[in-house]
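Listed here are the chains, written in short residue letters.
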Amino acid sequence: MGEIKRVIIIGAGQAGGETAQRLRQAGFTGDITLIGEEPCPPYQRPPLSKAYLAGKVDMDRLLLRPANVYSEERIALLTSVKAVWIDRAGKKVRIEGGRELPYDALVLATGARPRKLPLVGADLEGVHLFRTAADIDAIRPRFVAGAKLIVIGAGYIGLEVAAVARQTGLDVTVIETAVRPLARVTSPEVAGFFLDEHTRQGVRFLLGGQPAVIKGKERVTGVGLADGGELPADIVVAGIGVTPETTLAQHCGLTIENGIVTDAQCRTSDPNIFAIGDCAARPMAHFDQRVCRLESVHNAVEGAKIVAGVLTGQSAHNVEAPWFWSDQYDLKLQIAGLFQGYDHVVFRGVMADRSFAAFYYKGEKLIAVDAVNRPGEYLGAKMLIQSGRTLPPDVITDETRPMKELVASAR
Amino acid sequence: MAKITYIEHTGKEHVIEAPNGQTVMEAAVKHAVPGIDADCGGACACATCHVYVDPEWLAKTGEAGSMEQSMLDFANDVEDNSRLSCQIKVSDALDGLVVRLPKSQH
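Residues numbered from 1 in each chain as written. Chains lettered and ligands numbered in written order. Predicted model: local features only at pLDDT ≥ 70, side-chain atom pairs only at ≥ 80, totals over all residues. Heavy atoms only, no water.

When helices and strands are tallied, chain A shows eleven helices and 26 strands. Taken against the 2.2 N^0.38 rule, which gives 22 Å for 411 residues, the C-alpha radius of gyration of chain A at 22 Å falls within 12% of a compact globule. Seen through its principal axes, chain A has C-alpha atoms that stretch 65 × 60 × 35 Å. Taking contacts inside chain A between residues at least 6 apart in sequence as the whole, the part at least 24 apart equals 60%. Accessible surface, chain A as shown: approximately 16900 Å² in total, 50% of it carbon and sulfur. Of the side chains in chain A, 47 bear a positive and 47 a negative charge, and the two mean positions are spaced by 2 Å. (Helix = DSSP H or I, 4+ residues; strand = E, 2+ residues; numbered from the N terminus. Rg over C-alpha atoms; globule rule 2.2 N^0.38 Å. Contact = heavy atoms within 4.5 Å. Areas by Shrake-Rupley, 256 points an atom, 1.4 Å probe, with all protein chains shown as cover. Lys, Arg positive; Asp, Glu negative; His and termini not counted. Charge placed at Lys NZ, Arg CZ, Asp CG, Glu CD.)

To continue, consider the side chain of Thr5 of chain B. Tracing the chain through its elements places Thr5 of chain B in strand 1 (residues 2-7). Excluding its chain neighbours within four sequence positions, the residues that come into contact with Thr5 of chain B are Glu13, His14, Val15, Leu97, Val98 and Val99 of chain B.

In this section: the packing of helix 1 (residues 14-25) of chain A against helix 8 (residues 297-311) of chain A. All names here are of chain A. It is the contact of helix 1 with helix 8, at a shortest axis distance of 8 Å, that shows an interaxial angle of 35°. Taken as a pair, helix 1 and helix 8 cross one another with a handedness that is right-handed. Taken together, the residues of helix 8 that come into contact with helix 1 (itself represented by Gln14, Ala15, Glu18, Thr19, Arg22 and Leu23) are Val297, Ala300, Val301, Ala304, Lys305, Val307, Ala308 and Leu311. Considered class by class, the residues forming the contact of helix 1 with helix 8 number nine nonpolar, two polar and three charged. (Axes fitted to C-alpha atoms, helices over the stretch in contact; angles between N-to-C directions. Left-handed = near helix turned anticlockwise from the far one by under 90°. Nonpolar A, V, L, I, M, F, W, Y, C, P; charged D, E, K, R; others polar.)

Let us now look at the packing of aromatic side chains. All names here are of chain A. Enumeration over the complete set of coordinates arrives at seven aromatic pairs over all chains. For the pair Phe339 and Tyr360, a centre-to-centre distance of 5.7 Å together with 65° between the ring planes defines the contact as edge-to-face. Placement of Phe339 in the loop between strand 23 (331-337) and strand 24 (344-348) and of Tyr360 in strand 25 (residues 356-362) is noted, with a sequence separation of 21 residues between them. Tyr360 carries the same exposure label as Phe339, and that label is buried. On the basis of an interplanar angle of 50° and a centroid distance of 6.3 Å, the ring pair of Phe347 and Phe356 is categorised as tilted. Relative accessible area serves as the criterion here: at 27%, Phe347 is assigned to the partly exposed category. (Phe/Tyr/Trp six-rings, centres within 6.5 Å; stacked < 30°, edge-to-face > 60°. Buried < 20%, exposed > 50% of the residue type's maximum accessible area, 1.4 Å probe, protein only.)

A word on the nonpolar core. Of all hydrophobic cores here, the largest spans 59 residues; its most connected members are Phe359 of chain A together with Tyr6 and Ile36 of chain B. Here Phe359 of chain A is in contact with His344, Val345, Val346, Arg348, Leu366, Ala368, Val369, Glu377, Ala381, Ile396 and Met403 of chain A, once residues within four sequence places are set aside. Of all hydrophobic cores here, the second largest spans 54 residues; its members include Leu53, Phe287, Phe339 and Ala358 of chain A. (Core = buried A, V, L, I, M, F, W, Y, C linked by side-chain atoms within 4.5 Å.)

Residues and elements named next belong to chain A. In a regular helix each residue adds 1.5 Å, so 13 residues correspond to 18 Å; helix 9 (residues 375-387) covers 18 Å between its end C-alpha atoms and thus fits that length. Within helix 9, ten of the 13 residues are buried, which leaves it mostly tucked inside the rest of the structure. Every buried residue belonging to helix 9 is among Pro375, Gly376, Glu377, Tyr378, Leu379, Gly380, Ala381, Lys382, Leu384 and Ile385, and all of these are buried. In the stretch just after helix 9, Gly388 is the one whose phi turns positive, near 70°. (Expected span 1.5 Å × (residues − 1).)

Turning our eyes to something else, we now look at the pattern of salt bridges. If you walk through the whole model with that rule in mind, you get 34 salt bridges over all chains. Arg113 of chain A is the salt-bridge partner of Glu245 of chain A, the closest N and O atoms lying 2.6 Å from each other. With Glu245 of chain A in the loop between strand 17 (242-244) and helix 7 (247-251) and Arg113 of chain A in strand 8 (residues 112-114), the pair connects residues that are 132 residues apart, well separated along the chain. Residue Arg113 of chain A is classed as partly exposed on the basis of its relative accessible area, which comes to 41%. Residue Arg219 of chain A is joined to Glu125 of chain A by a salt bridge in which the shortest nitrogen-to-oxygen separation is 3.8 Å. Here Arg219 of chain A, found in the loop between strand 13 (211-216) and strand 14 (220-225), pairs with Glu125 of chain A, found in the loop between strand 8 and strand 9 (127-128); they are 94 residues apart in sequence, far enough to count as distant. We classify Glu125 of chain A as partly exposed; its relative accessible area is 46%. Each of Glu18, Arg22 and Lys305 of chain A together with Asp37 and Asp39 of chain B takes part in one network of salt bridges that share partners. (Salt bridge = Lys/Arg side-chain N within 4 Å of Asp/Glu carboxyl O.)

Quick look at the structure:
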């Protein structure tokens, strides 16, 4: 790469917004253009399925930075603008309307698209996807006590929506095609804990359920099942995962494999183009350098830090162990590491106390933790995973010794 | 509304007018005060918004809750006046608050 005077960032979500901000913090003085399809400046998405849906925080509080900061810091923020073409040879981005913007370095932070229900009736009014503030704004008018909500998909987003809905007084049914909730993201034990909690809170589950059709004329009235049954609904929310947004990258021939593939520095197969956040996959230091695509705030922010460092010639960013969180009712679930491939799990504390941690091991190595209302266990395990240390299962579960002491003793 | 002074570990001061209801972390992040990363946006999930509350203000900011205390156990360079700034709500009573930032948030 020659001298970098112009950086274009496509995608004004958390990854894109953080990149712009961190480039300036790192002393980059060239032009920064941040292009986003949404009408507002970058904001935090995690609260959308939590406090924002509950009406406890407004959009202003979700913004990463106040709108005026972008012009103060000479960041050209183009909102409601879609990038339509990348000319790699000419190093230009074309936006809708035909204007072409030249770059020296391009950052793709295009995020992910929520999967649409592959069902007849999925376009009916009252059937919602869950990704943007506008999606939630569309749900909220009818998201009121007594309304019948069907959530399709029992991942974290689906369960967070179910929790807010119960707390708001809606009648809630969750349909999940798998035989347990959270099948992709946690162990059967922890999934069972959340299933019990939601059931106690009044959520009905249809596990192994097969939605076949969304019923209704203009507005949704129910969900028809493959076994012929039908459940009435005023609102249907689909939380069945996302697809990485790779259209632009694909059209210009970048390497794609479940996301835009990059190296550890977030560089794609074109040295002048970087990809970060939900749309990108890179080798993970804490997962045997396996190439992973993570959908998380941590991953978005880390990508921004890495790219800002590379573009300003600073020393390598110290990568963190992946971390995630989910808030449901009064339960704070905090996750560090990646549990995939674990061979056994041990528990510190008991589920009945609504305060416990599940530690996942692969052989002797601690690879992940799910901590429910146990922030110390979460942070302690995160430090261990990050530094490649471990503790024997019988030691980590010894509640007579404080977590801090255990972590200090680990090798 | 409260005027809050953030002092970086280098001694550089940032004075910010923060509206009531915001947290001490949010006010810092919105004005890009370096040294408060607050990656999780205030969900008490990351412990990257650690601050030292000026001893004169400790009575008014109150004490860390148990959740916060458990997180602080694992933060770097923790002192008796350490807090997570995402857990301190701005109010008129905090007008003039001074917080110092640690050297490292990681």
